[in-house]
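# Structure at a glance
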Amino acid sequence: MFVAFVLGLVEGLTEFAPVSSTGHMIIVDDTLLHSKELFSPEVANTFKVVIQLGSILAAVIVFKDRFLSLLGLKKVSPDGNGPGHKLRLSQVFVGLLPAAVLGLLFNDYIDEYLFSINTVLIGLVAGAVLMIAADWFRPGKPKAASVDQITYKQALIIGLFQCIALWPGFSRSGSTISGGVLLGLSHRAASDFTFIMAVPVMAGASFLSLLKHWQYITADTLPFFIVGFISAFIFALLAIRFFLKLINKIKLVPFALYRIVLAALIFFFVM
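Residues numbered from 1 in each chain as written. Predicted model: local features only at pLDDT ≥ 70, side-chain atom pairs only at ≥ 80, totals over all residues. Heavy atoms only, no water.

The chain is annotated in an unreviewed UniProt entry as Undecaprenyl-diphosphatase from Brevibacillus centrosporus. Check the Function (unreviewed entry) section of the UniProt entry for the chain; it says "Catalyzes the dephosphorylation of undecaprenyl diphosphate (UPP). Confers resistance to bacitracin." Annotation of the chain in UniProt includes, under Subcellular location (unreviewed entry), the sentence "Cell membrane". (UniProt positions renumbered as here; feature names shortened; annotations may be inferred.)

What follows deals with the overall build of the chain. A tally of regular secondary structure across the chain gives twelve helices and zero strands. Going from N to C terminus, the chain has its helices and strands arranged as α-α-α-α-α-α-α-α-α-α-α-α. Here the C-alpha atoms of the chain give a radius of gyration of 18 Å, agreeing with the 18 Å that 2.2 N^0.38 yields for 271 residues. If you line up the chain on its principal axes, its C-alpha atoms span 50 × 45 × 35 Å. Expressed as a percentage of the 271 residues in the chain, the buried residues total 54%. If you take every contact in the chain between residues at least 6 apart in sequence, the share linking residues at least 24 apart comes to 81%. Surface accessibility of the chain: about 12,600 Å² in total, with carbon and sulfur atoms responsible for 71%. Of note, the chain has its 20 positive side-chain charges centred 16 Å away from the centre of its 15 negative side-chain charges. (Helix = DSSP H or I, 4+ residues; strand = E, 2+ residues; numbered from the N terminus. Rg over C-alpha atoms; globule rule 2.2 N^0.38 Å. Buried < 20%, exposed > 50% of the residue type's maximum accessible area, 1.4 Å probe, protein only. Contact = heavy atoms within 4.5 Å. Areas by Shrake-Rupley, 256 points an atom, 1.4 Å probe, with all protein chains shown as cover. Lys, Arg positive; Asp, Glu negative; His and termini not counted. Charge placed at Lys NZ, Arg CZ, Asp CG, Glu CD.)

Once that is clear, we can look at unusual backbone geometry. A positive phi is found at S20, a non-glycine position, where the angle reads about 80°. On the basis of relative accessible area, S20 is assigned to the buried category, the value being 3%. Although it is not a glycine, K251 adopts a positive phi angle of roughly 60°. For K251, the position within the fold is in the loop between α11 (222-250) and α12 (253-269). Here K251 falls in the partly exposed class, since its relative accessible area comes to 23%.

This part takes up the nonpolar core. A general tendency of soluble globular proteins is for nonpolar side chains to be buried together. The biggest cluster of nonpolar side chains holds 62 residues, and the ones touching the most others in it are F16, V92, L185, F193 and I240. Among the elements that line this core, the one with the most residues is helix α10 (residues 187-212), at twelve residues. Setting aside residues no more than four positions away along its own chain, I240 makes contact with F16, A58, A59, V62, F63 and F195. I26, L114, F115 and L121 belong to the second-largest nonpolar core, a separate cluster that totals twelve residues. (Core = buried A, V, L, I, M, F, W, Y, C linked by side-chain atoms within 4.5 Å.)

The interhelical angle for the contact between helix α3 (residues 41-50) and α11, taken along N-to-C directions, is 30°, at an axis separation of 10 Å. Relative to α11, the element α3 is oriented roughly parallel. Helix-helix and strand crossings are classified by hand; for α3 and α11 the assignment is right-handed. Contacts between α3 and α11 involve V43, T46, F47 and V50 on the former and, on the latter, F224, F225 and G228. Counted by class, the contact of α3 with α11 contains five nonpolar, two polar and no charged residues. (Axes fitted to C-alpha atoms, helices over the stretch in contact; angles between N-to-C directions. Parallel < 35°, antiparallel > 145°, perpendicular 65-115°, else oblique. Left-handed = near helix turned anticlockwise from the far one by under 90°. Nonpolar A, V, L, I, M, F, W, Y, C, P; charged D, E, K, R; others polar.)

This part is about the side chain of D148. Here D148 shows up in the loop between α7 (117-137) and α8 (152-164). For D148, the side chain forms a polar contact with the side chain of R66, separated by 2.8 Å. (Polar contact = N/O pair within 3.5 Å; in protein donor to acceptor, adjacent residues only side chain to side chain.)

Taken together, the side chains of K64, R241, K245 and K249 make up a positively charged region of the molecular surface. For the positive patch, the leading source of residues is α11, giving three residues. With respect to the helices and strands, K249 occurs in helix α11. (Patch = residues over 30% accessible without salt bridge, like charges linked within 9 Å, V, L, I, M, F, W, Y side chains within 5 Å. Salt bridge = Lys/Arg side-chain N within 4 Å of Asp/Glu carboxyl O.)

Laid out in structure tokens, this is it:
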């Protein structure tokens with residue numbers, strides 16, 4: 001239960017920050033917790049994907065008005081700084097399509113070969129370089145200050161950036177926020193669109209993993225999954241609200257520097 005709680009905490013705190021939740025879970029688990037020894041590598045890898053459902057639920061709660069508006073279930077006042085009245089469900093679909101297709105095609109390969117500290121270190125550093133480049137080379141004045149001003153072209157290109165995050169350690173939010181900022185979105189607009197896209201992508205990945213690995217959720221392992229889910233939900237709920245208040249103030253470079261320092265520490269003290 002302690003291992004499940006800690007991994008859920010790591011997932012919840014890092015899922016929506018541009019630091020790679022999968023990378024952090026792999027690092028913490030492989031160096032300290034060793035969940036693969038509690039049950040099996042298959043259970044451990046399934047757990048790391050399935051507890052994302054807790055983070056998804058947190059994002060749905062934070063953006064509930066936005067999702068209700070996208071589904072046509074709630075009308076929102078036309079305030080450019082508020083929840084969405086212009087962002088269309090079709091734009092979200094365009095943004096998530098590239099990663100969804102590649103994820104389905106390469107899911108088995110990723111699970112088998114890319115869930116290791118070595119690949120995470122590469123992703124952490126490469127993602128940090130992308131984030132620094134995004135802050136350095138972004139347009140001087142944002143073309144889209146609000147998520148409601150995103151175009152279909154921007155949504156598609158951000159979706160292509162999201163494909164990079166299929167490599168563990170790269171970070172879904174780091175990739176997509178960087179892509180959005182390079183395209184002229186404000187950091188807050190890019191973050192909002194990233195989190196909205198994350199819900200169907202993460203839900204799809206989690207449910208696919210559930211369908212493929214259902215046999216690993218047994219009476220013995222179910223409490224392990226439940227504790228991880230609840231822990232991820234609580235800490236993601238706190239982390240999302242904090243991050244959205246922070247991102248426009250500090251931008252991406254501090255997160256990039258953290259990733260580089262973390263990668264260096266792991267390389268010298270763990271590898």
